[in-house]
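Working through the structure, step by step
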Amino acid sequence: MKTRYSFGGDEHIFVECDEEMSLEAFFKGMSITTALREAKIKGVTEICPANASFQVRFDPDVIAPDAMMAELKALEAAAQAAPSTLETRIIEVPVYYNDPWTHETLMRFRERHQDPTSTDVEYTARINNLDGVDGFVKAHSGAPWFVSMVGFVAGLPFLYQMVDRARQIQSPKYLRPRTDTPRLTVGHGGCFGCIYSVRGAGGYQMFGITPMPIYDPNQTVPYLQDFMCLFKPGDIVKWKPIGREEYDNTVAEVDAGRWMPRIAPVTFSLAEFQKDIDGTNARIMEALNGH
Amino acid sequence: MAINVIKPGLSTTVQDLGRPGYYHIGIPTSGAMDTLSLAAANLLVGNPAGAAALEAVFMGPELEFTTDVTVAVTGAEMPPKVDGQEQAGWTAFRVKKGQVLSFGFLKAGARAYIAVSGGIDVPVVLGSRSTYTLGALGGFEGRKLQSGDVLPVGGGAGAAEGRTVPEGLRRRPGTPAELRMLPGLYWHRITEAAGVRFFEDTWKVAPEADRIGYRFKAGRPLEFVDREQPFGAGSDPSNIVDACYPYGSVQVPGGTEPIVLHRDAVSGGGYFMVGTVVSADMDLIGQLQPHTPTKFVKVTMEQALAARRDRKAVLEGIVAALG
């Protein structure tokens, strides 16, 4: 894992922890960005962690670009020794797979897809050797996912599947991005899952939809009253497959201001995960299910 | 004290100097695309440089005032009219209660800034009055203006009319427009020859040019250095493991059409970037119309910082002139 530094114009430094995605690369970025936040260097204006990289915005009138670069490299050396343990939370996200709204949208943009004759779920199931739609839903919702980045648009989580690499679902992005994606679509591109927080353009495969708002600029949703975005890097997500009836009921409860997501605190240790993936996931699920 | 929106124009939004601090969760800074023009308009009417004003794209709105105010219009050349009487751009003028401000056709530039003494007094959201339309956040109800909207205006007497920004301090893009760019980020992904051609070619602003990003076309496609795609990136050679996008960064999906991200940028994604337009030239992008011929000009960090000082000197000149 070789760290690569580059200036993004006169106001940014872009740091790639590794070319390829891994939780190790994510944790390296998190250690350095945490150390940077604590260092309170004058002139640093924004610190943005990403999947296997991060970005720092600075004011070159306050700190010279070369001095900023030197500070970051010094922090990288210090952050190597940081423990990779995270006090975080697991959040259950209900998903209505193969729902009519993403289906309508994916049919509308079919000519932009690799396989115009099937749906996004069918296509992704096939290229990942999964047994049809049912096999896909089982693989997708069977293990938790790790929020390794928040961004693109307000509050959108990028999710990394917590299984060994051979079992991770992978799919290409659309050949040409769509101009429309329903709000709260559960998507997938490369190795990353996502939840589209707002309606808009998008290039990820569309698998389903959640009734659970994750971004609310008006902050009327009860669990978004502290802050308008739900997700933070380091959160863990467990998908829960639901049908039409539960979807409709949940939407009604959300609209009435009564619905709350299931969330439980959990400790995540990268070392433990590396040693025993299934055991770690089982322990995380116990935290959610309370037994 | 209010403004009645009679006609909204094509896309008119409330903007100030932006909402930094939330990019790490995907909320971009927003704010005026041409911050120098916004500052000039505000200073002309007696507001602080970063007060909220209106940004009108390609076509001006029609506004009725319910109180006496001072108004200034800067940025794009789009002649302001008070009850049909043409007014000078970059110059403060008075508008009386009941009068209507409208605009002639766009002659040059792309975005006009309409400052009103007292500022547009919409609620402050996460530290700014700027509109982020994609996230329905800030500004007037999180969206562009519509007919029938009533915009609140802050108090204050307003500056005297007649003050003007000297011609030499009105910064405009040249022909072709030149955007200085510091190569970097994933520059190493393209071949040396492609890198040379990128700066040789004259690009044209594509119709897809908005507050999120400006797309350019008509240059030659970029050739990639061969590699096995890293895990998680996706199969196209222009794909990377989804990462942050700096403001001003130049991504080239598929290696064909560069997109320069601007004030409502998507904060990250899976396309490689060849570099970043220097902070000093971001204002100029806000004044580019579709089809404008544009060249990217390769600069060093030293040149980027010199450009930054030059831009700051222009702003200080405007402040001194309007003191």
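An account of the accompanying structure is given in this report.

Cut-off values and rules
- Residues numbered from 1 in each chain as written.
- Chains lettered and ligands numbered in written order.
- Predicted model: local features only at pLDDT ≥ 70, side-chain atom pairs only at ≥ 80, totals over all residues.
- Helix = DSSP H or I, 4+ residues; strand = E, 2+ residues; numbered from the N terminus.
- Rg over C-alpha atoms; globule rule 2.2 N^0.38 Å.
- Buried ≥ 20, exposed ≤ 12 C-beta atoms within 10 Å, placed from the backbone.
- Contact = placed C-beta atoms within 7 Å.
- Nonpolar A, V, L, I, M, F, W, Y, C, P; charged D, E, K, R; others polar.
- Axes fitted to C-alpha atoms, helices over the stretch in contact; angles between N-to-C directions.
- Parallel < 35°, antiparallel > 145°, perpendicular 65-115°, else oblique.
- Left-handed = near helix turned anticlockwise from the far one by under 90°.
- Core = buried A, V, L, I, M, F, W, Y, C linked by C-beta atoms within 7 Å.
- Pairing = 2+ DSSP bridges.

The helix and strand inventory of chain A stands at eight helices and 12 strands. A compact globule built from 291 residues should have a C-alpha radius of gyration of about 19 Å, and chain A, at 20 Å, falls within 12% of that. C-alpha atoms of chain A, sized along the principal axes, occupy 55 × 45 × 40 Å. Relative to its 291 residues, chain A shows a buried fraction of 45%. Of the contacts made within chain A by residues no fewer than 6 positions apart, 64% connect residues no fewer than 24 positions apart.

A few words now on the interface of chain A and chain B. If you look at the interface, chain A gives 44 residues, while chain B gives 42 residues. At the level of secondary structure, the elements contributing two or more residues to the side of chain A that touches chain B comprise β1 (4-8), β2 (12-16), β3 (44-49), β4 (53-58) and β6 (145-150) of chain A. Counted by class, the side of chain A that touches chain B contains 24 nonpolar, 13 polar and seven charged residues.

A few words now on the packing of helix α1 (residues 23-39) of chain A against helix α2 (residues 65-79) of chain A. Residue and element names in this part refer to chain A. α2 packs onto α1 with a crossing angle of 120° between their chain directions and a minimal axis gap of 9 Å. Taken as axis vectors, α1 and α2 run oblique relative to one another. The two elements α1 and α2 cross, and the hand of that crossing is right-handed. From α1, Ser31, Ile32, Ala35, Leu36 and Ala39 reach across to α2, where they touch Leu72, Leu75, Glu76, Ala78 and Ala79. Taken together, the residues that form the contact of α1 with α2 break down as eight nonpolar, one polar and one charged.

Right, let's get into the nonpolar core. Residue and element names in this part refer to chain B. If you look at the biggest cluster of nonpolar residues, it comprises 172 residues, and the most contacted ones within it are Ala41, Leu44, Ala53, Val71, Ile114 and Ala115. Top contributing element to this core by residue count: helix α1 (residues 35-45), with eight residues. In contact with Ala53, not counting residues within four places along its chain, are Gln15, Leu38, Ala41, Asn42, Tyr113, Ile114, Ala115 and Ile120.

Quick look at the environment of Lys238(A) now. Residues and elements named next belong to chain A. As for its placement among the helices and strands, Lys238 is situated in strand β11 (residues 236-241). The exposure class of Lys238 is buried, given the 21 C-beta atoms found within 10 Å. Measuring from C-alpha to C-alpha, the distance between Lys238 and Pro211 comes to 14 Å, with 27 residues separating the pair along the chain. Beyond its immediate sequence surroundings of up to four residues, Lys238 is in contact with Ile90, Glu92, Pro144, Met285 and Leu288.

Moving on, we get to the pairing of strand β7 (residues 157-161) of chain A. Residues and elements named next belong to chain A. Burial analysis of β7 places five of its five residues in the buried class, the great majority of the element. Neither face of β7 is open: one carries Pro157, Leu159 and Gln161, the other Phe158 and Tyr160, and all of them are buried. Where β6 meets β7, five bridges bridge the pair, whose relative direction is antiparallel. Bridging from a neighbouring strand, Trp145 pairs with Gln161 of β7. Between β6 and β7, which pair antiparallel in sequence order, lie six residues; one of them, Gly151, sits at a positive phi of approximately 160°. Pairing of β7 with strand β9 (residues 192-195) involves three bridges; the strand directions are antiparallel. Note that in β9 the partner of Tyr160 across the bridge is Phe192.

By themselves, these observations are geometric and do not establish any function.
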